[in-house]
Amino acid sequence: MGENFHAEGRSYNNIALIGFMGVGKSTCGKLLARKLDFQFFDTDTMISEETGCSIPEIFRYHGEEGFRQMERRVVQEKIPLMNRCVIATGGGLGANLEYLESLKRNCFVVHLWLSPEGIYDRVKRHKGRPLLETADPMARIRELFEKRISVYRHADAEVSTLNRPVKRIVFQIMLSYQSLKRKTNEFGIIETPRENQGTSC
Ligand code: S3P
């Protein structure tokens, strides 16, 4: 795995993990990168390093809109140059259809799914997520989850992280990546199994 891999006008040389806050994108991404011998990047870390500010500071001084513009620059200027990388994205990045479509140009995009209750359980003890600094974080999670889930589902694959150890999640991501490679023929066309092609006459 890992050599140049193109199909249907897309390059699959990177893997991007999208999904809600707290689903485990960075933790899984680091292990996945190690297993594939890819480099690991986290879009929040890239933005913090470039600006010299933490994510809460960016929200405080530039607002959410300022932060989204910084994400746009990562998506449009940095990710297109990547090769053999695993990219863990901030929870709002993959919830923007335009950014998600850009990721798809050179990434196999995987949505890590977790229920709102599971998300709350993971994030409740951690500070540093400005969007959840409200009186009722559970209500906020539900509201954002409802708005975002249909966009996240444009990913190439979805993996549940509910009650699953990191190793198992990573294994499943690798399986879906390998399966896509197996289905891609020498002309770079993804072959759908006959039973999924509808009825023929
Ligand atoms: C956000 C998620 C955060 C970070 C920022 C906004 C979001 O990243 O980008 O606080 O809009 O969901 P994580 O998903 O890594 O927590």
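Residues numbered from 1 in each chain as written. Predicted model: local features only at pLDDT ≥ 70, side-chain atom pairs only at ≥ 80, totals over all residues.

Q: Is there a simple way to explain helix H4 (residues 97-106) in this structure?
A: Three or four residues apart is the spacing at which side chains of an α-helix point the same way, because the helix has 3.6 residues per turn. All of the buried residues along H4 are Tyr99, Leu100 and Leu103. Seen along its axis, H4 keeps its buried residues to an arc of 100°; they face one direction. Exposed residues on H4 whose side chains face more than 90 degrees from its buried face are Leu97, Glu98 and Glu101. Each element contacted by the buried residues of H4 is listed here: strand S3 (14-18), helix H3 (55-78), strand S6 (107-113) and helix H6 (137-152). (Buried ≥ 20, exposed ≤ 12 C-beta atoms within 10 Å, placed from the backbone. Helix = DSSP H or I, 4+ residues; strand = E, 2+ residues; numbered from the N terminus. Arc of directions from axis to C-beta. Contact = placed C-beta atoms within 7 Å.)

Q: Can you help me understand the sheet that holds strand S5 (residues 85-88) in this one?
A: Hydrogen bonds along the backbone pair up the strands of a sheet, which may run parallel or antiparallel. If you walk across this open sheet you meet the five strands as S4-S5-S3-S6-S7, and the pairing is parallel. For this open sheet the edge positions go to strand S4 (39-42) and strand S7 (157-160), each flanked by a neighbour on one side alone. If you compare each strand with its neighbour and ignore which way they point, the axes differ by 25° on average. Note that S4 and S5 share four bridges and pair parallel. Its bridge partner being in S5, Asp42 is matched across the sheet by Ala88. Along the sheet, helix H1 (residues 25-36) contacts S3, S4, S5 and S6; its crossing angle with S5, the most-contacted strand, is approximately 175°. Helix-sheet contacts for H4 involve S3 and S6, and the interaxial angle to S6 is about 130°. (Pairing = 2+ DSSP bridges. Axes fitted to C-alpha atoms, helices over the stretch in contact; angles between N-to-C directions.)

Q: I tried to follow the pairing of S6 on my own but got confused; where do I start?
A: Across a regular strand the side chains alternate sides, sitting on one face of the sheet and then on the other. Burial runs high along S6: six of the seven residues are buried. Bridge count for S3 against S6 is five bridges, and the pairing is parallel. Looking across to S6, one finds that Leu17 is bridged to Val110. As defined by bridge partners, S6 adjoins S7 across four bridges and the pair is classed as parallel. Of the residues in S7, the one forming a bridge with His111 is Glu158.

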